[in-house]
Each structure stands twice: as C-alpha cells, then as structure tokens.
Amino acid sequence: ELDLACDFLSDMKIRSVWPNEVTYTALLKGFCQEGEIQKALDLLEEMKSASLQPNLRTFNTLLRGCMRDGDSAHALQIHNEMTALQTNEPPDASSVEYLVKICCQGLETTKAWEVVKNVEEKGEEVTPPSYSAIATACALKGKDVGCRKALKRARDSVQKSRNAPGMVHSSSSASTHWNQRSSLPLFIKLRNQEVLAECSRVEKFLEKSEAEREAIVEIAKSGPYNSPRVIYCDRDALLDSPPKKVKFKKVFGDEKPIKLEVCSGHGDWITQRASQEKDDANWVALEIRRDRIALTWTKMMFQGLENLLLLCGEAHHVMCSRLRDGSVDEIFVNFPDPPVWPGSKQRL
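The structure presented is a predicted model; accordingly, all values stated were derived computationally and were not measured.

(A) Spotlight on the packing of aromatic side chains. With the rule as written, the count across this model stands at six aromatic pairs. Ring geometry for Tyr225 versus Tyr232: centroids 5.9 Å apart, planes at 40 degrees, classification tilted. What makes Tyr225 partly exposed here is its relative accessible area of 23%. The exposure class of Tyr232 is buried, given its relative accessible area of 18%. Judged by centre distance (5.5 Å) and plane angle (80 degrees), the rings of Trp269 and Trp283 are edge-to-face.

Structure (structure tokens):
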C-alpha cells in the first residue's frame, strides 16, 4: 500500500515529525519492490534535499531494486553516486555483488569484469556469487577463457569463506559444522551451495561439444531481455491498448499440452520438468521478478530447452489478461515465497 505510505510520510511533515534516513529507506524499498525505480530515485533526491545523507543501506536497497528489475543504467548511476560521495560508508561487497549481477543479467561481461577489477585492485572483497555470475554470463557469450577464470575464482572464494573464523570442520564427517550463535555462517553455507551449483551448471555446459555450445551461444546472444522466449507482462499498465493474448501454438510451433508453473522462482523445478518432457509437453514459467526470470533463462539456455516459455509479471494480471480461457492444461503452484532458511518452523 505505497500510496498510504506516501500519505503517511506527507502527514509526518505536516505535523513537524521529520522523517529520518530509516523512514526514507523503508519507503525506497517499497518502491523498489514494486519495480518503481524512478520513484525511488525521486525519493532519494527528496531525502537529500532535506539534508539527510543516504547511508549504505539506502544505496544497497536501490541497487538491489535495480537488480530485481534488471535496470543496469540506474544501477551504474547509483554506484557512481555512492563512490563520489566519499562517505564513511563506501560501496561494500554486497554493493559490488548487486552491480556485477545486474551487468551479468544483460550478458555485459566486460562491465562486470571492470567492476571486479576495480575492487580487487583496492584489495577489497569480491563475493563468490559475483564470480559465478560472471562465469555464467561468459559461458553464454562464448568467452571460454573468461568463463574458466571466473569459475576458478568462484571456487577459490568459496573455499576461502569456508576457512573463515567461526567455521569448525568435523574430523568424523565431510560436512561442515557451523557456529549456530549467528545466522551469518548459515547464510554463507547456503550461498556457497548456490555458487557451487551454478559452477557445476557452467562446467556441464562447457563439456558439451563445440558445435552444441556455439549453437546455444548464437541463440543466447540477444540476452534475456530481448529473447523471443521471454514475454515481459510487467509493464502492461503502460500500454495504450489491452495487451495481446499469448498464442502458445505460435510460440512453440506445435500443439503439445501446456503446463504452467505459477511463481517459478529461480527456475530449478520447471527447467528440470521441461527437460524430462521435451517430447511430451510445453512448459510456461510465470514469475514476477526480472532477476529470477534471467536466472531461469540461463538454465533454459544451458540445457537447450525449446519447450519452455517465460512470462514475467504479476500472476493474477498475467493469467487474467494474457492467457486465453482453456489454453493451459495443467497448473502447478509449488509453495511460492518459502522461508529462506532450511529448517525454519515456517516451512512445510
């Protein structure tokens, strides 16, 4: 309810209860989650005009919003402003990771390496996900040397984080036992698992024949934001006329059954199912976040899936305005938006 939040902010000012940087950052986050990056930037300017200094959390909230929305232009603008301010809170490892991932979503590998190089030259941290994201983008650009370089750095960075203070390795088990007094070790463990899984996907892709890789690279050169296998419905409200219905026969070129997953997340489940049913069904992934669409697209490219279409948008809107009645044979909803931590009491 962003309109209500904005009204509340205005009411605070009328009553001479002046909002601080925490208040502004909370509202910035709301705009970012709704994909309203320009409104978030306008609020940032309002914040600065009120003589409030944006802090690291403010900037990282904006960068994370840009990452969710695939907005590299604004991300670079925000990062440059962070650097220019010369505050006591310069861009941190998370800031760099968001920026690198944004570049990699658009397969802008040169920009991603430039960001990493600048950080490395300062002797500062580059996170394992930054390197694995570059490895993925380089693989789909056909840049094998850069890909293998990023893969090595990703695995080395994971190993380094495993040996960090607070980590205790058991001699009786191959598993790592974590200091449970803090959620940070658990976060690092889960992050490393995701990084190693991404590295494995890239390495499996590199094992394909040169001809197979070249064919996929040719298809992938448009990137996720211009791919014919991705339809962005999240800007339909800006259209002058009602959006067109998706014609699955035209997209897939056949009349196989259509199976839809609502809230497909990072695409692990649906790419696996689409791979298993290449000859039997066509699959459609419906997801609201552009960064997750980009992740699913990379997995689709690596596997050479031709029976998968990605729809980006809010589920209710897309299903009501973009899908024809009776056009979908099966719908799957696989526990969208689960709690982050395995073992959480909120998980089923």
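(B) Seen up close, unusual backbone geometry. Look at Leu107: it is not a glycine, yet its phi comes out positive at around 60 degrees. Along the chain, Leu107 falls in the loop between helix H6 (93–105) and helix H7 (109–121). Positioned with a positive phi, Cys263 is a non-glycine residue whose angle comes to about 65 degrees.

(C) Inspection of a nonpolar patch on the surface at higher detail. Among the surface-exposed residues, Met319, Ile331 and Val333 lie close enough to one another that they form a single nonpolar patch of about 250 Å² accessible area. Mapped onto the elements, Ile331 comes out in strand E7 (residues 330–333).

(D) The arrangement of the pattern of salt bridges in detail. Under the defined criterion, the tally for this structure stands at 20 salt bridges. In this structure, Lys13 and Glu46 form a salt bridge, with 2.2 Å as the shortest nitrogen-oxygen distance. With Lys13 in helix H1 (residues 2–14) and Glu46 in helix H3 (residues 37–49), this pair connects stretches of sequence that are 33 residues apart. The class of Lys13 is partly exposed, set by a relative accessible area of 28%. Taken together, the shared-partner salt bridges connect Lys259, Arg273, Glu277 and Glu330 into one network.

(E) Region of interest: the sheet that holds strand E4 (residues 258–262). Within the open sheet, the five strands sit side by side as E3-E6-E5-E4-E7. Their pairing is parallel. The open sheet has two edge strands, strand E3 (230–232) and E7, and neither has a second partner. Each neighbouring strand pair of the sheet contributes to a mean axis angle of 20 degrees, computed without reference to strand direction. The pairing of strand E5 (residues 282–287) with strand E6 (residues 308–312) spans five bridges and is classified as parallel. Paired with Leu286 across the bridge in E6 is Leu311.

(F) Up close: the side chain of Asn282. Among the structural elements, Asn282 can be located in strand E5. A distance of 2.6 Å separates a polar atom in the side chain of Asn282 from a polar atom in the side chain of Asp254.

(G) Main features of the nonpolar core. In this structure, Ile134, Trp297 and Leu308 are the most contacted members of the largest nonpolar core, which totals 74 residues. Considering each element in turn, this core owes the most residues, eight residues, to helix H8 (residues 128–141). Ignoring sequence-local partners within four residues, the contact set of Leu308 consists of Arg229, Phe252, Ile270, Thr271, Ala274, Trp283, Val284, Ala285 and Met300. Val246, Phe252, Val262 and Leu323 belong to the second-largest nonpolar core, a separate cluster that totals 14 residues.

(H) Inspection of the packing of helix H4 (residues 56–69) against H6 at higher detail. Contact pair H4 / H6: the axes reach a minimum separation of 9 Å and the direction vectors enclose 15 degrees. With respect to H6, the element H4 is oriented roughly parallel. In terms of crossing hand, the pair formed by H4 and H6 is left-handed. Between H4, through Leu56, Asn60, Leu63, Arg64, Cys66 and Met67, and H6, the contact on the second element is made entirely by Ser94, Ser95, Tyr98, Lys101, Ile102 and Gln105. For the contact of H4 with H6, a count of residues per class yields six nonpolar, four polar and two charged.

Criteria and thresholds
Residues numbered from 1 in each chain as written. Predicted model: local features only at pLDDT ≥ 70, side-chain atom pairs only at ≥ 80, totals over all residues. Heavy atoms only, no water. Phe/Tyr/Trp six-rings, centres within 6.5 Å; stacked < 30°, edge-to-face > 60°. Buried < 20%, exposed > 50% of the residue type's maximum accessible area, 1.4 Å probe, protein only. Helix = DSSP H or I, 4+ residues; strand = E, 2+ residues; numbered from the N terminus. Patch = residues over 30% accessible without salt bridge, like charges linked within 9 Å, V, L, I, M, F, W, Y side chains within 5 Å. Areas by Shrake-Rupley, 256 points an atom, 1.4 Å probe, with all protein chains shown as cover. Salt bridge = Lys/Arg side-chain N within 4 Å of Asp/Glu carboxyl O. Pairing = 2+ DSSP bridges. Axes fitted to C-alpha atoms, helices over the stretch in contact; angles between N-to-C directions. Polar contact = N/O pair within 3.5 Å; in protein donor to acceptor, adjacent residues only side chain to side chain. Core = buried A, V, L, I, M, F, W, Y, C linked by side-chain atoms within 4.5 Å. Contact = heavy atoms within 4.5 Å. Parallel < 35°, antiparallel > 145°, perpendicular 65-115°, else oblique. Left-handed = near helix turned anticlockwise from the far one by under 90°. Nonpolar A, V, L, I, M, F, W, Y, C, P; charged D, E, K, R; others polar.

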